[in-house]
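A closer look at the structure
If you want the building blocks of each chain, they are given just below.
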Amino acid sequence: MGGEAILFFEVRWQHYAVPNMAASSLELLARSWRQQANPLQQSFSLLHSKSLTGLCTSTLAHSRSSSRGISSSGKKALCMPMQTVAAASAVAIETPSANLQLGPPESTPTWRASLDFKWIRENRDAIAQNIQNRNTIADVDLVVQLYDKSMALNQEVAKLRTDRNRVANAMKGKLEPDKRQELVEEGKRLKDVLAGLEAELTVLSEQLQREGQKIPNMTHPSVGVGSEEAATVRKMVGSKRVFEFPPKNHVDLGESLELLDFEAAAEVSGTKFYYLKNEGMLLELALINWALSELVKKGFVPYSTPDLVRSSVIEKCGFQPRGLNTQVYSIEGTDLCLAGTAEILMGGLYMDRILTEKQLPLKLVAFSHCFRTEAGAAGSATRGLYRVHQFSKLEMFVICKPEDSEKFHEELISIEEDFFSSLGLHFKTLDMPSEDLGAPAYRKYDVEAWMPGLDRYGEVSSASNCTDYQSRRLSIRYRPAENDPLTSRKGKPPSLRFPHTLNATACAIPRMIVAILENFQQPDGSVLIPKVLQSYMGGKEVILPKSQ
């Protein structure tokens, strides 16, 4: 078979996919074609699979301009998405359910969230309003439509399986030849129809999962609606320092005190990288060790984490590792990415695990290196250490019972506020509005410290309650106590529940250094070290110019 014939076969499949042809026969035909196509794999490798999918889709009138699916008034041939050119094939199936809406070809979900589609259907209006308030892209009406069709098709499949079993059982007894032949033919018919329906159900289930996973978490009723300007102040601590001299920014201070080297880092690694040296490096370690020791006293279990994480784990935590303007660095040729926050790795630590109620709450603190592309970041406010590609951070992470998550959210933000108060910083805590919440967050507090060199407040920390959004995607569950009224069943163990997860930044090093250098600078160019950090810097109280 020549290359032209193979391509013709691929994009003109409907000439072979006649309505009376069973799905199993088509699968055999597709397998035969793939075997003949293998010798031509090299010559086809230059063609991207999406291009061929587009050709096939166009031929079958599956236009991508129809974002919600295609309408089928009769028996249709379905062009499935191709994973690779070498194994590409379009599978046509007989469609007894003529009105089933099948969406445009997309990649098959690599994982499945435990979404409560019944709850989504029952709360459709509230979810639609939440999507609108967050100004995000999701379609709850489409999810409900797909769910209803999936339920109907499941019932149809179940009935056909019952009929198939009935025929199989009837053939076990002694039968007249004509009756046996009649049952054989009926069994074949049921098998073919069932195969077609099961293929439809697979496609429908994948589309349902894909669309369902786009729905963000619900939002706390106290959260304001709108963009960042709609944030409300939870707490204001201290006041702006009045300088008797023109304050310098942290870049000038860091370079004059020989704490930072951006120029050398740009030569070695590129822009938005830096070297910390002398007291700059000691200040990083002091901040980490001080914050870590305080958190261990409060019952947090310390961890250090890997720098690499699977892209599927990032997705399950609610981030998009390979989307447009992603903040995630991907490792080419692998499913690995550089971690942007320890939150992802600590959530992944308990992925696919069943905990007991006695194990909760889990209070963890992780030290990690964080990597971010900072796509689209520009301007004077991003100069220096404020927005960089790599930095060190301490992250708090909590797994708890659902009824306890708001209490722990208050505990986490209070810890952050105590930290910044102990450092002597002027800051404000904001209750962030709906459009500033990421998909996982039910509620989020941001802490912004005053930065005189930038002449503005800059975010130094945040604390988010993600409720069960991440645990449903990571498959983290716990078994409640036997006497739990919500889950106890007579004579049976309690049903498993999804715990809530929370995360909060204990100390993000670069921005803490920005705040310390700019707020505690002195007229002679020196910088006072906050008292709580001095014992972690060998008793040093001030960072002096090297000439002194």
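Residues numbered from 1 in each chain as written. Predicted model: local features only at pLDDT ≥ 70, side-chain atom pairs only at ≥ 80, totals over all residues. Heavy atoms only, no water.

Let's shift gears to the side chain of Lys 316. Within the secondary structure, Lys 316 sits in helix H12 (residues 311-316). An unpaired buried charge is present at Lys 316: no salt bridge exists, and Asp 352, the closest side chain of opposite charge, is 5.0 Å distant. If sequence neighbours within four positions are ignored, Lys 316 has contacts with Trp 111, Met 351, Gln 470, Arg 473 and Leu 474. (Helix = DSSP H or I, 4+ residues; strand = E, 2+ residues; numbered from the N terminus. Buried < 20%, exposed > 50% of the residue type's maximum accessible area, 1.4 Å probe, protein only. Lys, Arg positive; Asp, Glu negative; His and termini not counted. Salt bridge = Lys/Arg side-chain N within 4 Å of Asp/Glu carboxyl O. Contact = heavy atoms within 4.5 Å.)

Side chains of Glu 176, Asp 178, Glu 182 and Glu 185 sit close together on the surface and give a patch of like negative charge. With respect to the helices, strands and loops of the structure, Glu 182 is situated in helix H8 (residues 177-212). (Patch = residues over 30% accessible without salt bridge, like charges linked within 9 Å, V, L, I, M, F, W, Y side chains within 5 Å. Areas by Shrake-Rupley, 256 points an atom, 1.4 Å probe, with all protein chains shown as cover. Charge placed at Lys NZ, Arg CZ, Asp CG, Glu CD.)

One can describe the packing of helix H11 (residues 279-297) onto helix H14 (residues 405-422) by two numbers: an axis separation of 12 Å at closest approach and a directional angle of 135°. Here H11 lies oblique to H14, going by the angle between them. Here H11 runs over H14; the crossing is right-handed. Where H11 abuts H14, its residues Trp 290, Ala 291, Glu 294 and Leu 295 lie against Ile 415, Phe 419 and Ser 422. Class assignment of the residues belonging to the contact of H11 with H14 gives a composition of five nonpolar, one polar and one charged. (Axes fitted to C-alpha atoms, helices over the stretch in contact; angles between N-to-C directions. Parallel < 35°, antiparallel > 145°, perpendicular 65-115°, else oblique. Left-handed = near helix turned anticlockwise from the far one by under 90°. Nonpolar A, V, L, I, M, F, W, Y, C, P; charged D, E, K, R; others polar.)

Right, let's get into the packing of H11 against helix H16 (residues 509-519). Contact geometry for H11 and H16: axes closest at 10 Å, N-to-C directions at 110°. For the element pair H11 / H16, the angle class is roughly perpendicular. As H11 runs across H16, the sense of the crossing is right-handed. On H16, the residues touching Gly 280, Leu 283, Glu 284, Leu 287 and Ile 288 of H11 are Ile 509, Met 512, Ile 513 and Ile 516. By residue class, the composition of the contact of H11 with H16 is seven nonpolar, one polar and one charged.

Most of strand S11 (residues 443-451) sits out of view: nine of its nine residues are buried. Judged by which residues are buried, S11 turns out to be covered on both faces: Arg 443, Tyr 445, Val 447, Ala 449 and Met 451 on one side and Lys 444, Asp 446, Glu 448 and Trp 450 on the other are all buried. Judged from the five bridges that link them, strand S10 (residues 427-431) and S11 form a sheet pairing that is antiparallel. Paired with Asp 431 across the strands is Tyr 445, a residue of S11. The sheet contact formed by S11 and strand S12 (residues 456-465) spans nine bridges and is antiparallel. (Pairing = 2+ DSSP bridges.)

Before going further, it helps to spend a moment on the UniProt feature "coiled-coil region" (unreviewed entry) in the protein. UniProt's entry tags residues 180-214 with the feature "coiled-coil region" (unreviewed entry), counted in the numbering of this structure. Counted over residues 180-214, helix gives 94% and strand 0%. Its end C-alpha atoms are 51 Å apart. (UniProt positions renumbered as here; feature names shortened; annotations may be inferred.)

Throughout the structure, instances matching the rule amount to 22 salt bridges. The shortest N-O distance in the salt bridge between Arg 234 and Glu 417 comes to 3.0 Å. Of this pair, Arg 234 sits in strand S1 (residues 232-237) while Glu 417 sits in helix H14, and the two are 183 residues apart along the sequence. The exposure class of Glu 417 is buried, given its relative accessible area of 3%. We note a salt bridge from Arg 387 to Glu 374, for which the minimum N-O separation is 3.3 Å. With Arg 387 in the loop between strand S8 (362-371) and strand S9 (390-400) and Glu 374 in the loop between S8 and S9, this pair connects stretches of sequence that are 13 residues apart.

Inspection of the secondary structure assignment puts Ser 405 in helix H14. A distance of 3.3 Å separates the side chain of Ser 405 from the backbone oxygen of Pro 402, its partner in a polar contact. With sequence-adjacent residues up to four places away left out, Ser 405 is seen in contact with Cys 400, Asn 465, His 500 and Leu 502. (Polar contact = N/O pair within 3.5 Å; in protein donor to acceptor, adjacent residues only side chain to side chain.)

Here Gly 226 is to be found in the loop between H8 and S1. Since its relative accessible area comes to 13%, Gly 226 is described here as buried. Gly 226 sits 210 residues away from Asp 436 along the chain, and the two C-alpha atoms are 8.0 Å apart.

Glancing now at the state of the cysteines. Tallying each qualifying case throughout the model produces zero disulfides. Cysteine Cys 317 remains unbridged, with the sulfur of Cys 466 as its closest cysteine sulfur at 8.7 Å. (Disulfide = S-S within 2.5 Å.)

So, on to the nonpolar core. In a soluble, globular protein the nonpolar side chains are often hidden away together inside. If you look at the biggest cluster of nonpolar residues, it comprises 60 residues, and the most contacted ones within it are Leu 287 and Leu 533. If we skip the residues at most four places from it in the chain, Leu 533 touches Leu 283, Ala 286, Leu 287, Trp 290, Leu 423 and Ile 516. Ranked by size, the runner-up nonpolar core spans 26 residues in total, among them Trp 111, Leu 197, Leu 208 and Ile 215. (Core = buried A, V, L, I, M, F, W, Y, C linked by side-chain atoms within 4.5 Å.)

To continue, consider unusual backbone geometry. The omega angle of the peptide bond from Leu 360 to Pro 361 is 5°, so this bond is cis rather than trans. Of note in this structure, Glu 258 is not a glycine but carries a positive phi near 60°. As for its placement among the helices and strands, Glu 258 is situated in the loop between helix H9 (250-256) and strand S2 (260-261). When its relative accessible area of 34% is taken as the criterion, Glu 258 is described as partly exposed. Look at Lys 272: it is not a glycine, yet its phi comes out positive at around 65°. Mapped onto the elements, Lys 272 comes out in the loop between helix H10 (262-268) and strand S3 (275-276).

This part covers H11. The end-to-end C-alpha distance of H11, which contains 19 residues, comes to 26 Å, matching closely the 27 Å that a straight helix rising 1.5 Å per residue would cover. Positive phi appears at Gly 299, one or two residues downstream of H11, with a value of about 95°. (Expected span 1.5 Å × (residues − 1).)

Time to look at the sheet that holds S11. Across the sheet, which stays open at both edges, the eight strands sit in the order S1-S10-S11-S12-S14-S9-S8-S4 with mixed pairing between neighbours. A single partner strand is all that each edge strand has here, and the edge strands are S1 and strand S4 (301-304). Averaged over all adjacent pairs, the angle separating strand axes in this sheet is 25°, with direction ignored. Across four bridges, S4 lies against S8 in parallel orientation. Residue pairing across strands places Tyr 303 opposite Ala 366, the latter belonging to S8. Sitting on the sheet, helix H13 (residues 342-349) touches S4, S8, S9 and strand S14 (500-508), and the angle it makes with S9 is about 40°. Running over the sheet, H16 touches S9, S11, S12 and S14 and is turned about 40° from S14.

Applying the stated rule across the entire model yields five aromatic pairs. When the centroid spacing of 5.0 Å and the interplanar angle of 50° are considered together, the rings of Trp 290 and Phe 419 count as tilted. Of the two residues, Trp 290 sits in helix H11 while Phe 419 sits in helix H14, which places them 129 residues apart along the sequence. The class for Phe 419 is buried, based on a relative accessible area of 4%. (Phe/Tyr/Trp six-rings, centres within 6.5 Å; stacked < 30°, edge-to-face > 60°.)

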